[in-house]
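Residue-level listing of the chains:
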Amino acid sequence: PAEQLPYDPNKKTIVILGTGWGSTTVLKNLDTENYNVVVVSPRNYFLFTPLLPSCTVGTIENRSIMESVRQLARHKQRTVTFYEAECTNIDADSKELTIERRTHSDDLQVSNERPPTAPEDIVKLKYDYLVVGVGGTVNTFGTPGVEEHACFLKEMRDARKIRRRLMDAVESASFDDISEEERDRLLHMVVVGGGPTGIEYAGELHDFLTDDLSQWYPSLAHRVRITLVEALPNVLPAFDKKLIDYTQSTFSENKITILTHTMVKEVKDKSFVVQNADGSRSEIPYGLLVWATGIKAQPIVNRIREQYPQVQTNGRGLLVDEHLRVKGAKDIWALGDCALSGYAPLAQVASQQGKWLARRLNNLGSVASQQSREGKEFDIFAAIEEEKPFKYSSQGSLAYIGSEKAIADLPLFNRNITAGGLATFWFWKSAYLNELFSLRNSTLVASDWIKRFFFGRDISRE
Ligand code: NAD
């Protein structure tokens, strides 16, 4: 790449927390001419989350949906600094962050299980402007046993763990010396949560079972059972009623059992406890349990909220105004799943917010530079108020439901178009290829799809 401008002490420094949909979109669209930019995230890559369920069964290779932050920052006019660290605290008065190095790969567990960080791995970082796009963390609702025994589906490490556990369960069930009851337990795959994540995972698992496991484990595959457990009366509450019915009937054809009105109360080592619609409880054995019940606030979001206890009263995230400014704060913006902006926690929302914020910062940054050349101060945080507020424009929802069928809720010509089936599946594929960040990633994903078509999925445990 061409030589980049160095850090400039006369420019304001924007610190961006996170490398998800919101933060990386800010980074991509931000003009670094007028700012120094520092990115802090425990993950040194962007992850294309809509295709994460496909990685759990090897339809897509893990690295095809990852893109390094450094790759994203490579073509910026000014050098972008990246720290692989987690921001754990903030002092908003002195505009100083505490960040903890996360450069040891065994640090990849969820925060609340991690031992305290060594003092030499704790670093202070100053900011002029802060953009918080840290997303959320898995929500267990405090259900006992979930952290210990369930798999989540949020990060790449989760997809890897699911793939390993799944193959472990199938291989364990292949031994002759176990009871039939134990074999059935091992082959019972359970998904908790009927939101899009749970539905897409169940769909991918079904495909793996019918396309691949049935060939490699002919005497076992027909005994594999997939159960999806949902506390509400139906799955996919955010989708159109027709699409809910279509999904439920596709699942029924695919022999995926959906237990609605059923809430998981506890997860044990080899079984889980549910509360049924009539209030009774039962215990169900399982071999693999995937927990996909949505997200809650990250610890740093709560630390930021604590700085403004009078205004930041919602435990689910950071309340922001229509210019994405954190309410009560100065020089802090938030976007994506960690921001409560009135929109659903969707990748599309985060990325539109990222684009909106970067453009505003670009415009105001050049005004600020001009003013500072004339020796004047310019308050970008206050001036953004004059800009047109952020407004989300929905491009619809898409979800893959298995056996080459997808569902789509699309707002076209002011009407909601709903569609399900094979054509939608191809639309789903091309939409995702279009949306993938780089030519490199789109090529990798397309070639994974072709590879799977010719050779099937790999069943090695790894
Ligand atoms: P979600 O919040 O959409 O769904 C979680 C489901 O789990 C809920 O229906 C809830 O009733 C159920 N649940 C919670 N606790 C339970 C329990 N103890 N027992 C049984 N069921 C329980 O979560 P998600 O699917 O992870 O999605 C998170 C967000 O991301 C949503 O806004 C979603 O729309 C979005 N998303 C969208 C797509 C897509 O459009 N393709 C894909 C993935 C995620």
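This is a predicted model, so every value here is computed, not measured.

Draft legend 1. How the structure looks around the overall build of the protein chain. Counting secondary structure elements, the protein chain contains 13 helices and 23 strands. In terms of overall size, the protein chain behaves like a compact globule, its C-alpha atoms giving a radius of gyration of 23 Å where 462 residues would be expected to give roughly 23 Å. Counting only C-alpha atoms and orienting by the principal axes, one finds that the protein chain spans roughly 80 × 50 × 45 Å. In the protein chain, which comprises 462 residues, the proportion classed as buried is 52%. Partitioning the intrachain contacts of the protein chain with sequence separation of at least 6 by distance along the chain shows that 66% fall at a separation of at least 24. Put simply, the protein chain shows about 21,800 Å² of open surface, and 51% of that area lies on carbon and sulfur atoms. Positive and negative side-chain charges in the protein chain, numbering 55 and 60 respectively, have mean positions lying 3 Å apart.

Draft legend 2. Structural context of the sheet that holds strand E11 (residues 225–229). Spatially, the four strands line up as an open sheet ordered E12-E11-E10-E16, and their pairing is parallel. Two strands lie at the open edges of the sheet, namely strand E12 (256–259) and strand E16 (288–291), each paired on one side alone. Strand after strand, the sheet turns through a mean of 20° between neighbouring axes, direction not considered. As judged from the four bridges shared by strand E10 (residues 188–192) and E16, these two strands associate in the parallel manner.

Draft legend 3. Looking closely at the site of the ligand. Taken together, 22 residues lie around the ligand, and Thr197, Glu230, Ala231, Val264 and Leu398 are the ones closest in. Within the backbone of Ala231, one N or O atom sits 3.1 Å away from a nitrogen atom of the ligand. Leu398 places a main-chain nitrogen or oxygen 2.5 Å from a nitrogen atom of the ligand. Protein coverage of the free-state accessible area of the ligand, which is 840 Å², stands at 78%. Of all the secondary structure elements, the ones that give two or more residues to the shell around the ligand are helix H7 (196–216) and strand E13 (263–267). With three residues, H7 is the single largest residue contributor to the shell around the ligand. For the shell around the ligand, the per-class residue count stands at 13 nonpolar, seven polar and two charged.

Draft legend 4. Up close: the pattern of salt bridges. Summed over the entire model, instances satisfying the criterion amount to 25 salt bridges. Of the charged contacts in the structure, one is a salt bridge between Arg457 and Asp212, with a shortest N-O distance of 2.5 Å. Taken as a pair, Arg457 in the segment after helix H13 (439–455) and Asp212 in helix H7 lie far apart in primary sequence, 245 residues in all. Per residue, the accessibility class of Arg457 equals that of Asp212, and both read buried. Overlapping salt bridges bring together Lys95, Lys330, Asp331 and Asp379 as one network.

Draft legend 5. Highlighting the environment of Ile300. When you line up the elements, Ile300 lands in helix H9 (residues 299–307). On a C-alpha basis, the gap between Ile300 and Pro411 in space is 35 Å, while along the polypeptide they are 111 residues apart. Setting aside anything within four residues of it in sequence, one finds Ile300 in contact with Cys87, Thr88, Asn89, Ile90 and Val134.

Draft legend 6. Local environment of the nonpolar core. Ile65 and Leu97 are the most contacted members of the largest nonpolar core, which totals 124 residues. If you count residues domain by domain, this core takes at least three from each of domain 1 (12–139 + 295–386) and domain 2 (146–293 + 396–455). Sequence-distant contacts of Ile65, defined by excluding residues within four places in its chain, comprise Phe46, Leu47, Phe48, Leu51, Leu52, Cys55, Ile60, Met156, Asn441 and Val445.

Draft legend 7. Layout of helix H5 (residues 156–173). In this model, H5 (18 residues) spans 26 Å end to end at C-alpha, consistent with the 26 Å of a helix rising 1.5 Å per residue. Restricting attention to buried positions, one finds in H5 the residues Met156, Asp158, Ala159, Ile162, Arg163, Leu166, Met167, Ala169, Val170 and Ala173. Seen from one end, H5 has its buried residues packed into an arc of 165°, which puts them on one side.

Draft legend 8. Quick look at the sheet that holds strand E1 (residues 12–17). If you walk across this open sheet you meet the seven strands as E7-E6-E5-E2-E1-E8-E19, and the pairing is mixed. Looking at the sheet topology across the chains shown, the edges are occupied by strand E7 (122–126) and strand E19 (332–334). Averaged over neighbouring strand pairs, the angle between their axes works out to 35° when direction is ignored. Relative to strand E8 (residues 129–132), E1 runs parallel, the two sharing four bridges. Bridge pairing links Val15 to Leu130 in E8. Across the face of the sheet, H9 comes into contact with strand E5 (80–91) and E8 while running at roughly 50° to E5. Strand contacts of helix H10 (residues 347–373): E1, strand E2 (35–41), E8 and E19, with the helix running at about 150° to E2, the strand carrying the most contacts.

Draft legend 9. Region of interest: the packing of helix H1 (residues 21–29) against H10. Remark: H1 packs on H10, axes separated minimally by 7 Å, with the N-to-C direction vectors making an angle of 30°. Along this stretch, H1 crosses H10, giving a crossing that reads as right-handed. Facing H1, whose interface residues are Trp21, Gly22, Thr25, Val26 and Asn29, H10 presents Ala347, Ala350, Ser351, Gly354, Lys355, Leu357, Ala358 and Asn362. Grouping the amino acids of the contact of H1 with H10 by side-chain chemistry returns six nonpolar, six polar and one charged.

Draft legend 10. View of the domain arrangement of the protein chain. The domain boundaries assigned to the protein chain delineate domain 1 (12–139 + 295–386) and domain 2 (146–293 + 396–455). One C-alpha centre belongs to domain 1, the other to domain 2, and the line joining them spans 30 Å. Every contact between the two is made by 39 residues of domain 1 and, on the other side, 34 residues of domain 2. Across the domain 1/domain 2 interface, buried area totals approximately 3,300 Å², and carbon plus sulfur atoms make up 59% of it. The tally of links between domain 1 and domain 2 comes to one salt bridge. Here Glu155 and Arg43 are joined by a salt bridge, their closest N and O atoms 2.9 Å apart. Across the contact surface, domain 1 and domain 2 share eleven residue pairs in polar contact (both at pLDDT 80 or more). With four residues, helix H2 (residues 52–55) is the single largest residue contributor to the side of domain 1 that touches domain 2.

The rules behind these values
Residues numbered from 1 in each chain as written. Predicted model: local features only at pLDDT ≥ 70, side-chain atom pairs only at ≥ 80, totals over all residues. Heavy atoms only, no water. Helix = DSSP H or I, 4+ residues; strand = E, 2+ residues; numbered from the N terminus. Rg over C-alpha atoms; globule rule 2.2 N^0.38 Å. Buried < 20%, exposed > 50% of the residue type's maximum accessible area, 1.4 Å probe, protein only. Contact = heavy atoms within 4.5 Å. Areas by Shrake-Rupley, 256 points an atom, 1.4 Å probe, with all protein chains shown as cover. Lys, Arg positive; Asp, Glu negative; His and termini not counted. Charge placed at Lys NZ, Arg CZ, Asp CG, Glu CD. Pairing = 2+ DSSP bridges. Axes fitted to C-alpha atoms, helices over the stretch in contact; angles between N-to-C directions. Near = heavy atom within 4 Å. Polar contact = N/O pair within 3.5 Å; in protein donor to acceptor, adjacent residues only side chain to side chain. Nonpolar A, V, L, I, M, F, W, Y, C, P; charged D, E, K, R; others polar. Salt bridge = Lys/Arg side-chain N within 4 Å of Asp/Glu carboxyl O. Core = buried A, V, L, I, M, F, W, Y, C linked by side-chain atoms within 4.5 Å. Domains from an automatic or database assignment. Expected span 1.5 Å × (residues − 1). Arc of directions from axis to C-beta. Left-handed = near helix turned anticlockwise from the far one by under 90°. Buried area = accessible area lost by both parts, 1.4 Å probe.

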